[in-house]
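Structural overview for review
What follows is each chain in one-letter form.
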Amino acid sequence: MQHRIIVLGAGYTGAIAAGRLAKRLHREDVAITLVNAEPDFVERVRLHQLAVGQDLRPRPFGEMFAGTGVELKLARVTGVDVDRKTVTVTEAKPAEHAAETSVEASVTEELPYDTLVYALGSGWDSRGVPGTAEHAHDIAGRPGALRLRERLARLGAGGSVVVVGGGLTGLEAATEIAEARPDLDVALAARGDLGDWLSPKGRAHLRKTVDRLGITVHEQAAVTAVEADRVTITDGRSVPAEVTVWTTGFAVHPIAGATALEIADTGQIVVDRTMRSVSHPDVYAVGDAAMALGPGEKPLRMSCATGTPMAWQAADAIAARLTGGKVPKTPMRYFNQCVSLGRGDGLIQYVTADDRAVRSALTGRLAAVYKELICKGAAWGVANPTIGIPTRRRRVLRPHPQPAPTSTPATELPA
């Protein structure tokens, strides 16, 4: 009987984990199923580009996993039972006479697993601020980026856009919008000071860039409410915002919190150094869904930079444990933070292993080229999960059946 491996979610980490497992394990011994709601790979690190009208290259999973042995199941995950070792999914199927009624029927199915890789990732985090759900846009996923794209296309010259959040996503969104639409009034609202985690060189370049693009920066300005045409910041001031883009952070998918898995306060699944759940050894978690510790025992931040090595680690650990090999240890550390500041400018902030900025930073056109290579490399890595290194598919060890107990005849005692 084949060992059933189910991977939930086909973002960077889930797709890499599924593909890498298929390269490591013999096809006759495993059945690898990748569950995802969409039929093609989404380059999440480029969604700010999609939002301003740029088209991204299609990357269908059907082509990506052709001939690999990975079975793609297009469905939404609605539940996980880690005690029964099952996943519940809902798949949209055309109903009878769908051509006449344009109605789809939802089909619910239960999938059993032997090993589960949980990679459902994260979405935007409204932080409970009033009005965000009703009035704000997000770029945490393709549907949100496409809605923002449509809204920006309808916004006339002189229209006001406020990007809330001064982190990497907020900086990329604000600069991309300002560059693509110089006719708009673009503002950035940051909870702290602009680029306060960067080196002096990084901060200076960032300040120069937002000034060049005409972006108004509101510092020490946490947003406390969002309305249809404005946002309110902590000092009570209102900032005009016909379009509000919310980028204050990410929140994990809630399904893990409804299971018996041990989770952190963030809702992430607590894992060990091999990305294995500390409470359920047949479950692994990778990417934004996992609470993993890096250098200095600090939690790894939600990012593609950490998600990729987490996926390598999980896949290699699963393969090693199933085949009787030695479990490898993938280094979990940081090297830099890459920020695009429009199409022709960028900032590469070099960091310590535990993600603290050092003095060195690369800026300008060369940094933009560097960031573009990183984005292309990340997408290439999904389609090439062993990064081009030849591998041998190993056989899964079968558990030895326990011999049936034999009955020993009783020795007759002498009379």
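Along each chain, residue indices are assigned from 1 in the same order as the chain's sequence is written. This being a predicted model, a pLDDT of at least 70 is required before a residue's local features are given, and a value of 80 or more before pairs of side-chain atoms are given or counted; all residues contribute to the totals for chains, interfaces and linings. As a rule here, side-chain values come from all non-hydrogen atoms in the structure, and water together with hydrogens is ignored.

Bringing the confidence of the model for the protein chain into the picture now. Fine structural detail should not be taken from predicted coordinates in areas where pLDDT scores are low. pLDDT: the predictor's confidence for each residue, scored from 0 to 100. Taken residue by residue, the protein chain gives an average pLDDT of 92. The fraction at 70 or more is 93%. Working rule for contacts: check all heavy atoms of both residues, and any pair within 4.5 Å makes them a contact. Predicted confidence is poor over residues 404–415, with pLDDT under 50, and the contacts of this stretch with residues over four places away or in other chains come to 0 contacts.

Here Met291 lies in strand E20 (residues 290–291). Sequence-wise, Met291 and Arg151 are 140 residues apart; in three dimensions their C-alpha atoms are separated by 35 Å. When residues no more than four places from it in sequence are discounted, the contact partners of Met291 are Ala264, Thr266, Gln268, Ile269, Val270, Val271 and Pro299. Only DSSP runs of H or I with at least four residues qualify as helices, and only runs of E with at least two residues qualify as strands; both kinds are numbered from the N terminus onward.

Let us look at the state of the cysteines. Disulfides are defined in this document as cysteine sulfur pairs within 2.5 Å. Applying the stated criterion to the full structure yields 0 disulfides. Unpaired in terms of disulfides, Cys338 finds its nearest cysteine sulfur in Cys375, a separation of 7.9 Å.

Classification of ring pairs uses Phe, Tyr and Trp, with its six-membered ring standing for Trp, and accepts pairs whose centres are within 6.5 Å; under 30 degrees between planes counts as stacked, over 60 as edge-to-face, and the remaining range as tilted. Summed over all chains, the structure comprises 3 aromatic pairs. Ring plane angle 90° and centroid distance 4.9 Å describe the contact between Tyr12 and Phe41, whose orientation is recorded as edge-to-face. With Tyr12 in helix H1 (residues 12–24) and Phe41 in the loop between strand E2 (30–36) and helix H2 (47–51), this residue pair connects regions lying 29 residues apart in the sequence. Summarising the burial analysis for this pair, Tyr12 and Phe41 share the class buried. Seen from their ring centres, Phe41 and Phe61 are 6.4 Å apart, and the 70° between their planes marks the pair as edge-to-face. Working definition: with a 1.4 Å probe on protein chains only, accessible area under 20% of the residue-type maximum means buried, over 50% means exposed, and in between means partly exposed.

Reading across the sheet, the 5 strands line up as E9-E16-E10-E11-E12 and stay open at both edges, with parallel pairing between neighbours. The open sheet is flanked by strand E9 (136–137) and strand E12 (216–218), the only strands paired with a single partner. Pairing between strands is defined by DSSP: at least two bridges between the two strands are required. Pairing analysis gives 3 bridges linking strand E11 (residues 185–189) to E12, with the strands arranged parallel. In the sheet register, Ala189 faces E12, and the bridge partner there is His218. Where helix H6 (residues 142–154) meets the sheet, it contacts E9, strand E10 (160–164) and strand E16 (243–246), and its direction lies at approximately 155° from that of E16. Only the contacting stretch of a helix is used when fitting its axis, a line to C-alpha atoms as for every element, and angles between N-to-C directions run 0 to 180 degrees.

With that out of the way, let us pick up empty space enclosed by the protein. Whether a set of points on the 1 Å grid over the protein atoms alone is a cavity depends on a 1.4 Å probe fitting there but being unable to get out, while an open set qualifies as a pocket with protein on both sides within 12 Å along at least five of seven lines; lining residues are those with an atom within 4 Å of a point. Grid points are joined across faces, edges and corners, and a volume is the space filled by probe spheres set on the points. Using the criterion set out here, one finds 1 cavity of 30 Å³ or more in the structure. Its volume calculated, the largest cavity comes out at about 30 Å³. Residue lining of the largest cavity: Gln268, Gly287, Asp288, Ala290, Leu300, Arg301, Met302, Thr306 and Met310, and that is the complete set. Residues are grouped as follows: nonpolar covers Ala, Val, Leu, Ile, Met, Phe, Trp, Tyr, Cys and Pro; charged covers Asp, Glu, Lys and Arg; every other residue, Gly included, is treated as polar. When the residues that make up the lining of the largest cavity are grouped by side-chain class, the tally is 4 nonpolar, 3 polar and 2 charged.

Let's shift gears to the sheet that holds strand E21 (residues 336–340). If you walk across this open sheet you meet the 3 strands as E21-E22-E23, and the pairing is antiparallel. Edge strands, defined here as strands with exactly one partner in the open sheet, are E21 and strand E23 (357–363). Put simply, the sheet's adjacent strands are angled 20° from each other on average, direction ignored. Pairing between strand E22 (residues 346–351) and E23: 4 bridges, direction antiparallel. Within E23, the position partnered with Ile348 by the bridge is Leu362. Helix H8 (residues 200–213) contacts E22 and E23 of the sheet and is inclined by roughly 40° relative to E23. Together, E21, E22 and E23 form the strand contacts of helix H10 (residues 365–383), whose direction differs from that of E22 by roughly 75°.

Counting residues in each nonpolar core, the largest one holds 63 residues, and the members touching the most others are Ile5, Leu8, Val77 and Tyr118. Those residues within four positions of Val77 in sequence are excluded, and the remaining contacts are Leu8, Val35, Val87, Thr88, Val89, Leu120 and Ile255. The criterion is simple. A nonpolar core is a set of buried Ala, Val, Leu, Ile, Met, Phe, Trp, Tyr and Cys residues joined through side-chain atoms within 4.5 Å. Membership of the second largest hydrophobic core comes to 31 residues, among which are Leu155, Val161, Val163 and Leu194.

Here we come to unusual backbone geometry. Located in the positive-phi region is Glu297, a residue other than glycine, with phi close to 60°. Take Glu297: it is sitting in the loop between E20 and helix H9 (304–323). According to the relative accessible area criterion, Glu297 is partly exposed, its value standing at 48%. The phi dihedral of Ile387 falls on the positive side, at around 45°, and the residue is not glycine.

Take Thr247: it is sitting in the loop between E16 and strand E17 (250–252). One polar contact links the side chain of Thr247 to the main-chain carbonyl oxygen of Val164, over a distance of 2.8 Å. Reaching out from Thr247, the side chain makes a polar contact with the backbone oxygen of Gly165 at a distance of 3.5 Å. Polar contacts here mean pairs of N or O atoms no more than 3.5 Å apart (in protein, one a potential hydrogen donor and the other a potential acceptor; neighbouring residues in sequence count only if both atoms are side-chain atoms).

Time to look at H10. Across its 19 residues, H10 extends 28 Å between first and last C-alpha, which sits within 8% of the 27 Å expected from 1.5 Å per residue. Considered for burial, the residues of H10 that qualify are Ala367, Ala368, Lys371, Cys375, Ala378, Ala379, Gly381 and Val382. Burial along H10 is one-sided: seen end-on, the buried residues are contained in an arc of 160°. Exposed side of H10, more than 90 degrees from the buried face: Arg365, Leu366 and Leu373 are the residues found there. By this rule the span expected of a helix is its residue count minus one, scaled by 1.5 Å. This arc is taken over the directions from the axis of the helix to the C-beta atoms.

Our next topic: the layout of surface pockets. There is about 230 Å³ of room inside the second largest pocket. Along the walls of the second largest pocket sit Arg24, Asp316, Ala319, Ala320, Thr323, Gly325, Lys326, Pro328, Thr391, Arg392 and Arg394, which together make up its complete lining. Broken down by element, the lining of the second largest pocket gets its largest block of residues, 4 residues, from H9. Among the residues forming the lining of the second largest pocket, the class breakdown is 3 nonpolar, 3 polar and 5 charged.

A few words on the pattern of salt bridges. Salt bridges, as used here, are contacts in which a Lys or Arg side-chain nitrogen is within 4 Å of a carboxyl oxygen on Asp or Glu. Applying the stated criterion across every chain, the model contains 30 salt bridges. Of the charged contacts in the structure, one is a salt bridge between Arg20 and Asp316, with a shortest N-O distance of 2.9 Å. In this pair, Arg20 sits in helix H1 while Asp316 sits in helix H9, placing the two residues 296 residues apart along the sequence. One salt-bridge network, held together by shared partners, links Glu43, Arg46, Arg59, Glu176, Arg343 and Glu372.

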